[in-house]
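Here is how the chains run, residue by residue.
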Amino acid sequence: MTGKEKIELLRELCLVCGPTGSEEKVADVIREKLGILGYEYTTDRLGNVIVHISREDAPRFMVSAHMDEVGFIVNEITEDGYLRFAALGGIDPRVLSGKHVILEGNDGTPVQGIIGSKAIHHQTPEERKTAKKIKDMYIDIGVKKREEAESFVSLGTSGTFDSEFVLFGDGFIKSKAIDDRLGCAIMLDVLGRIKDKELPLDLYFCFTVREEIGLSGARTAAQALSPEYSVVLESTAVADLPDVPENSRVSELGKGGAISLRDRSTIYDRGFVRFALSIAEKDNIPVQIKRYVSGGNDAGHIHKSNAGVRALAISAPSRYIHSPACVINEADYFSMGDLLYAIITEFDAEEIKNA
Amino acid sequence: MVINMELKELIISLSSLMSVTGYESHDSDRLESLIGEYFDENHTDKLGNRIFVKKCGKEGAPRILVDTHMDEIGMFVTEIKDGGFLTVTNVGGVDTGILQASDVVIYGEKPIFGVVGSTPPHLQKPDDAGKLREIGELLIDTGYKKEELEKLVRVGTPVGFAPKYSTLAGGQIAGKGFDNKSCVACVVEGIKRAGNRLAGDVYLMLSSREETGRAGGGALTGAYNIDPDYALVADVNLGRTPDTKKNETVEVGGGVSLTLCPVTDKKLTKMTVELVKSKGIKYQLDVTGGGTGTNTPDINLTRAGIPCVDVGLPLKCMHTCAEVIDLADSDALASLVCEFVCSEEIAEVFAR
Amino acid sequence: MLELLRKISGMHGVSGYEKKVSDTLLAEMKNYTDEQYTDALGNLITVKHGKGKKKLMLCAHMDEIGFMATFIEESGLVRIAPVGGIGFAASSYDRVLSEKGVRGVLVPDSRVKPAEYAADKFTIDIGAKDKKEASKKVSIGDVFRFDNDIVRLCGKRVTGHPLDDRVGCAILVNTAKNLANDQTDYDVYYVFSVQEEVGCRGSKTAAFSVEPDVALAFDVTGTGDTPGAAPMACRVGDGAAIKVKDSSVICDPSLVDALIATAKENRIKYQLEILTYGGTDTSSMQLSAGGCSAGCLSIPCRYIHSANELIDLADAEACADLAAAFIRRGV
């Protein structure tokens, strides 16, 4: 794929609506792309989409990225037709007010709405300083009565941000759902590059569900597949902002994928980390080490599954994740694909074990 | 209801224009191409009010002022920071509660896309949760290096919300800049509908600087220059939502609003209400104890005093990027304006 | 400029009582302008005719903040009302001087904490032993000002009171002097306004009668270069500050652009100013009568409204140079 094609792939994936628990539309796009690439796939009982490139007597190796994104779910329809909601995944209430949203309508067609916000003219000085709580917010779909609202949505209808995919500045991308459609896009990119190649691995590519509320999809996938090695492709929250001291910045945009040493749920395999770093150095692929212990990802369940798994996580440094406006640098997207490709094609189990 | 698609398109086209307070003329050519054809002449005065005139052709006809402000809240750049970030200050009443993770456009040497930064939950400090930051503490991410950015942007460069529009399930529309350019569209539509039935010479003033007009905005000086016989002021009005009080708001979808208060002219308002009733235009009354929060008080106190009627287009979530209006109300406002500028009765009573 | 600044800063000119300043400035301006008059509110308006293509109004205010005697206590202490925005915490125990020449000390009620300081917690102690003696020196309605000379600090920096806005007046005089022999496109109105500190009242009526096409105020502005200051990209010594916005005005963007271009063409040191509080005569001129294109050249100033305001004369000179260059640039 050319750079432009990769960007278009990411755009297509990011703009699909796939809140945690409702990943079907994302899975549809991914299955379509896999079909075009000429891969067979299975969908397991939770909804994970899995590609198996089998090779007997080779190490079982799992690559994963999650399809779901943060969003919200309708939990009350008021008499005057407004929708109350709960968050799906960790969302800072401060990024919600006044945003456009898109819900999955009763008949499957998208329903546009906005998250209402009391006009500043009506706010007390105290309200102007305090963030509203999600339980006090509402979605306005422009109807006046509950019955009218119910013709479009129901309790349990979920939705996500309605936000444009924009290329801006020097190679930056802004979109919703970059966490973790970026990982999905990288997997599709690498699948294209390894097609029909002889590989030293028994390889599984898993597009997982429900990461944002407890890493559920990856857990069952790993339990079923019993990999020996696992690479998780993720986005990591970054604070490379002015006034933030360097040691708290986590990582920086444009300097390559960030490799984790540990986060809140996983201590990553030392040998695997060293192997990845040495491959990157050898092949001149930019990479950085995550400088701050925060967050967690699918590796949290994967590395503890069955008899244990050697885990590696490569994350795209991403500003403002879990908001309608996540920002990444396209160079990191491209170089992470290069790194994953290099790890797979140059895999050496001995080097990892002896490192 | 038959939705007037042309009006909807005009509302969205006008609302997309860049007109941050002080920069009302930024997209002046585009404005002219959208509405210029319906008027005989137009000019911009010293304070940036854009005045479109439509003559009735009668000798000694009264001057009817139709005022509706053109400016929109926004921000000005205050500093260019390392890493390509900008700090800003507000222009008009910007709600910092809606800014984080919003898309903006920085109108520098060329338009630049930007995002207002936010802190992901993963990196938040416990004592920070629940607090809103002051506008000066927020950072706009431009994706440029500081050195490049300094060539494109300076202190004072205006910043506006990126245009984005949605049609909601129930048919209402949501987006930025409806305050007040949706009114501009309705008023133009009304004058267009009036055709050659005008009761006087109509001065449509797209006034400047309403949003920052604590001591009076552009309308104050614009009305002084025009010196009209009487005036209609159209502005958006605070719409009812679940978190507002009924007696402080109007209903979106409830028709055009007419304001009763000490500043609006009693007789002119009464005659306008009668007119609206007789033409079957859907309306609602809005009562306030003091001023109107619009240009009416300024215009009312110009020169020897100018009788004003104050009409409103109900709008939810004012001053956000997701302001909501109902196209039935927009249509009602257009009809009201049409009848008002055609009313010989009103002209007879209020011509000087 | 320092000599002139010292002279006019030494004149009593609390808001509403600007006559002495006005007389001094009139004597100066007679040398450089064609016409001079004083209007009903006391604004001094002086005109230098040019080619008459446009009317340009330059405005600086003559008045200063101060205190007015409201009541004399049995003890001989004088109760006061503030005239303009007084920072009482910064002013306690400062020396003050009445228009009649009576000296005193501004003292707080010692039981009151600085955070609660307000006019009713202060008296002026003129050293009188009782009401009878005090009443011989002070009458109700007498105005007091800070009793502080202008002194020179490092380099071209000076401190004292009032620099707000006698430095603006000095800039206007310098500009008029500089242009005395020029035939400019503009008819230039040099206006020395009254009652700015109590709400920009003088400039409003002056602008109504002058009806300028373009108006430029000259006044001090806050800075972001002292410990604890609100973030602001404006510093003492960094040149003339071209105002973009303050809480009362958005300057005409095309005028701001023209001033920036003028500064660049003439290599005059400048900076851009956005003040998130405060206001000047700019807004009142902008909104007077049919309105005008209004802007402001600011002199960065630390400790505004204290008895020890601080500016860099190089910034003031840059303002005067920029004003002259802007006028010469023409319509």
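Residues numbered from 1 in each chain as written. Chains lettered and ligands numbered in written order. Predicted model: local features only at pLDDT ≥ 70, side-chain atom pairs only at ≥ 80, totals over all residues. Heavy atoms only, no water.

**Some details on the interface of chain B and chain A**
Next up, step 1: On the chain A side, the residues contacting the 67 residues of chain B number 66 residues.
Next up, step 2: Summing the contributions of chain B and of chain A, the shared interface buries around 5,100 Å²; its carbon and sulfur component is 58%.
Next up, step 3: At the boundary of chain B and chain A, one finds six salt bridges.
Next up, step 4: Our enumeration of links across chain B and chain A arrives at 23 residue pairs in polar contact (both at pLDDT 80 or more).
Next up, step 5: Those elements giving two or more residues to the side of chain B that touches chain A turn out to be β7 (111-116), β10 (165-167) and β11 (173-175) of chain B.
Next up, step 6: Tallying contributions element by element places β10(B) first for the side of chain B that touches chain A, with three residues.
Next up, step 7: When the residues that make up the side of chain B that touches chain A are grouped by side-chain class, the tally is 25 nonpolar, 25 polar and 17 charged. (Contact = heavy atoms within 4.5 Å. Buried area = accessible area lost by both parts, 1.4 Å probe. Salt bridge = Lys/Arg side-chain N within 4 Å of Asp/Glu carboxyl O. Polar contact = N/O pair within 3.5 Å; in protein donor to acceptor, adjacent residues only side chain to side chain. Helix = DSSP H or I, 4+ residues; strand = E, 2+ residues; numbered from the N terminus. Nonpolar A, V, L, I, M, F, W, Y, C, P; charged D, E, K, R; others polar.)

**With respect to the packing of aromatic side chains**
What describes a pair of aromatic rings is the distance from one ring centre to the other and the angle between the planes of the rings.
Next up, step 1: Counted by the stated rule, this structure contains 23 aromatic pairs over all chains.
Next up, step 2: Look at Y229(A) and F272(A): their rings are 5.7 Å apart centre to centre, the planes differ by 85°, and that puts the pair in the edge-to-face class. Note that Y229(A) is positioned in strand β13 (residues 229-237) and F272(A) in helix α6 (residues 270-282), a separation of 43 residues in sequence.
Next up, step 3: In this structure F272(A) comes out as buried when scored by relative accessible area, which is 0%.
Next up, step 4: Ring centres 6.0 Å apart and planes at 85° place the aromatic pair Y23(B) and F76(B) in the edge-to-face group. Here F76(B) lies in strand β4 (residues 74-81) and Y23(B) lies in the loop between α1 (5-16) and α2 (28-35), a separation of 53 residues in the sequence. You'll find Y23(B) and F76(B) in the same group, each marked buried.
Next up, step 5: An aromatic cluster of three or more residues is present, and its members are F61(A), Y229(A), F272(A), F275(A) and F347(A).
Next up, step 6: Looking at K195(A), its charged tip hangs above the ring of Y39(A), at a distance of 4.6 Å from the centre.
Next up, step 7: The ring of Y224(B) carries R303(B) above its face, with NZ or CZ at 3.8 Å from the centroid. (Phe/Tyr/Trp six-rings, centres within 6.5 Å; stacked < 30°, edge-to-face > 60°. Buried < 20%, exposed > 50% of the residue type's maximum accessible area, 1.4 Å probe, protein only. Lys NZ or Arg CZ within 6 Å of the ring centre and 35° of its normal.)

**Observations concerning the interface of chain C and chain B**
As a measure of interface size, the accessible area lost when the parts come together is often cited.
Next up, step 1: Taken together, the contact pairs 25 residues of chain C with 25 residues of chain B.
Next up, step 2: Roughly 1,900 Å² is buried in total at the junction of chain C and chain B, and carbon and sulfur atoms are behind 63% of that figure.
Next up, step 3: Three residues, I250(C), I274(C) and L287(C), lead the burial of chain C against chain B; their summed loss comes to 29% of the area buried on that side.
Next up, step 4: Counting across the chain C and chain B interface gives two salt bridges.
Next up, step 5: Among the salt bridges present, the one from R154(B) reaches D257(C), with a minimum N-O distance of 2.8 Å.

**Some remarks on the domain arrangement of chain A**
Residue and element names in this part refer to chain A.
Next up, step 1: Here chain A is partitioned into domain 1 (3-69 + 176-354) and domain 2 (71-161).
Next up, step 2: Counting from both sides, the interface comprises 13 residues of domain 1 and, opposite them, 14 residues of domain 2.
Next up, step 3: Between domain 1 and domain 2 lies a buried interface of about 1,100 Å² when both sides are counted; carbon and sulfur atoms form 62% of it.
Next up, step 4: Between the two partners, domain 1 and domain 2, sit one salt bridge.
Next up, step 5: The partner of E104 in a salt bridge is K25, and the shortest N-O contact between them spans 3.9 Å.
Next up, step 6: Among the residues forming the side of domain 1 that touches domain 2, the class breakdown is four nonpolar, five polar and four charged. (Domains from an automatic or database assignment.)

**Describing the side chain of S117(A)**
Next up, step 1: Locating S117(A) in the fold gives a position in the loop between β7 (110-115) and β8 (139-140).
Next up, step 2: With relative accessibility at 4%, the residue S117(A) sits in the buried group.
Next up, step 3: Filtering out sequence-adjacent residues up to four positions away, S117(A) remains in contact with S97(A), G98(A), Q123(A), K132(A), Y138(A), D95(B), I98(B), C317(B) and T320(B).

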